[in-house]
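Commentary on secondary and tertiary structure
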Amino acid sequence: MPEAYIIDAVRTPRGIGKPGKGALSHLHPQHLAAAVLKALKDRNDLKTEEVNDIIWSTSTQKGKQGGDLGRMAALDAGYDVRASGVTLDRFCGGGITSVNLAAATIMSGMEDLVIGGGTEMMSYTQTIAAEEANAGIKPMGIGSGNMRLMMKHPQSHQGVCGDAIAAMEGISRADVDALGFDSQQKAKRARLRKAASPRAWSPSIMTMARSRSTMRSSRAPTRRWRALQASRRALTGLPISIWAA
């Protein structure tokens, strides 16, 4: 089975996801995706005509976030028209699914160079929700207004589901608070590390390849993997899922 290597990872800065308040809220959602795609291209001297596919995730696929955002963002980033793109939706799990599928297509031998990532512009989702409300369009919920589905499988708000899971699994408020505190400490260490290294790794978007033309030697990705693994452990205490041997 072919090996899949993570070559690079890029993300945009974070902003407050509120219309008119967030530092990035004036941008088109495609601009955010294009920014990281362009960074990948420039940082790694990618020949974009060799990119087999761009697998992208967007949950609210309507308005400016509709129309196959992954493909449109790649074109906006200056990618060759031969680099195809597809956009999927798995709600909050869409980004990691994109990366997993990118790895899977490479390991199956189907592709050689794939980019996986995602975009969800929360300030825009609020804007479009307000526009629909003003137009008298009622929200249809997670089941898209399918009442037959609602009767079979009632689907509650994520917050309600979170409380239900906590009760079912015996997770206390103290446990959740401890996890939140630990997460903030990791975020603080990550910010300090980013200040020391502007090129610090971040997991929001990944480029994967088994094409030898993107690697200087067969051993180089393994060395980089070890460095990434060490960084990930230092920041989160968790290992990276390793696709490389």
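Below you will find a few notes about this structure. A quick note: this is a predicted structure, and the numbers were derived from the prediction, not measured.

Helix length check: helix α1 (residues 29–44) (16 residues) gives 24 Å between terminal C-alpha atoms against 22 Å at 1.5 Å per residue, within 8%. Residues Pro29, Gln30, Leu32, Ala33, Ala34, Val36, Leu37, Ala39, Leu40 and Lys41 constitute the buried set of α1. Asp45 sits one or two positions beyond α1 and adopts a positive phi of about 50°.

For the pair α1 and helix α2 (residues 69–76), the least separation of the axes is 8 Å and the interaxial angle reads 60°. One finds that α1 runs oblique with respect to α2. Between α1 and α2 lies a crossing whose hand is right-handed. Residue-level contacts link Pro29, Gln30, His31, Ala33, Ala34 and Leu37 of α1 to Leu69, Gly70, Met72, Ala73, Ala74 and Asp76 of α2.

Once that is clear, we can look at the pattern of salt bridges. All told, the structure shown has seven salt bridges when counted by the stated rule. For the salt bridge of Arg43 with Asp8, the shortest nitrogen-to-oxygen distance reads 2.7 Å. One end of the pair, Arg43, is in helix α1; the other, Asp8, is in strand β1 (residues 5–9), and 35 residues separate them in sequence. In this structure Arg43 comes out as partly exposed when scored by relative accessible area, which is 31%. According to the relative accessible area criterion, Asp8 is buried, its value standing at 2%. One salt bridge in this structure joins Arg82 and Asp80, with 2.9 Å as the shortest N-O distance. When its relative accessible area of 59% is taken as the criterion, Arg82 is described as exposed. Among the charged side chains, a salt-bridge network with shared partners connects Lys38, Lys41 and Asp42.

Once that is clear, we can look at unusual backbone geometry. We note that Asp45 has phi near 50°; this positive angle belongs to a residue other than glycine. Assignment of secondary structure puts Asp45 in the loop between α1 and β2 (53–57). By relative accessible area, which is 67% here, Asp45 ends up exposed. Of note in this structure, Ser144 is not a glycine but carries a positive phi near 55°. One can find Ser144 in the loop between α4 (122–134) and α5 (147–152). A relative accessible area of 52% places Ser144 in the exposed class.

What counts, and at which threshold
Residues numbered from 1 in each chain as written. Predicted model: local features only at pLDDT ≥ 70, side-chain atom pairs only at ≥ 80, totals over all residues. Heavy atoms only, no water. Helix = DSSP H or I, 4+ residues; strand = E, 2+ residues; numbered from the N terminus. Expected span 1.5 Å × (residues − 1). Buried < 20%, exposed > 50% of the residue type's maximum accessible area, 1.4 Å probe, protein only. Axes fitted to C-alpha atoms, helices over the stretch in contact; angles between N-to-C directions. Parallel < 35°, antiparallel > 145°, perpendicular 65-115°, else oblique. Left-handed = near helix turned anticlockwise from the far one by under 90°. Contact = heavy atoms within 4.5 Å. Salt bridge = Lys/Arg side-chain N within 4 Å of Asp/Glu carboxyl O.

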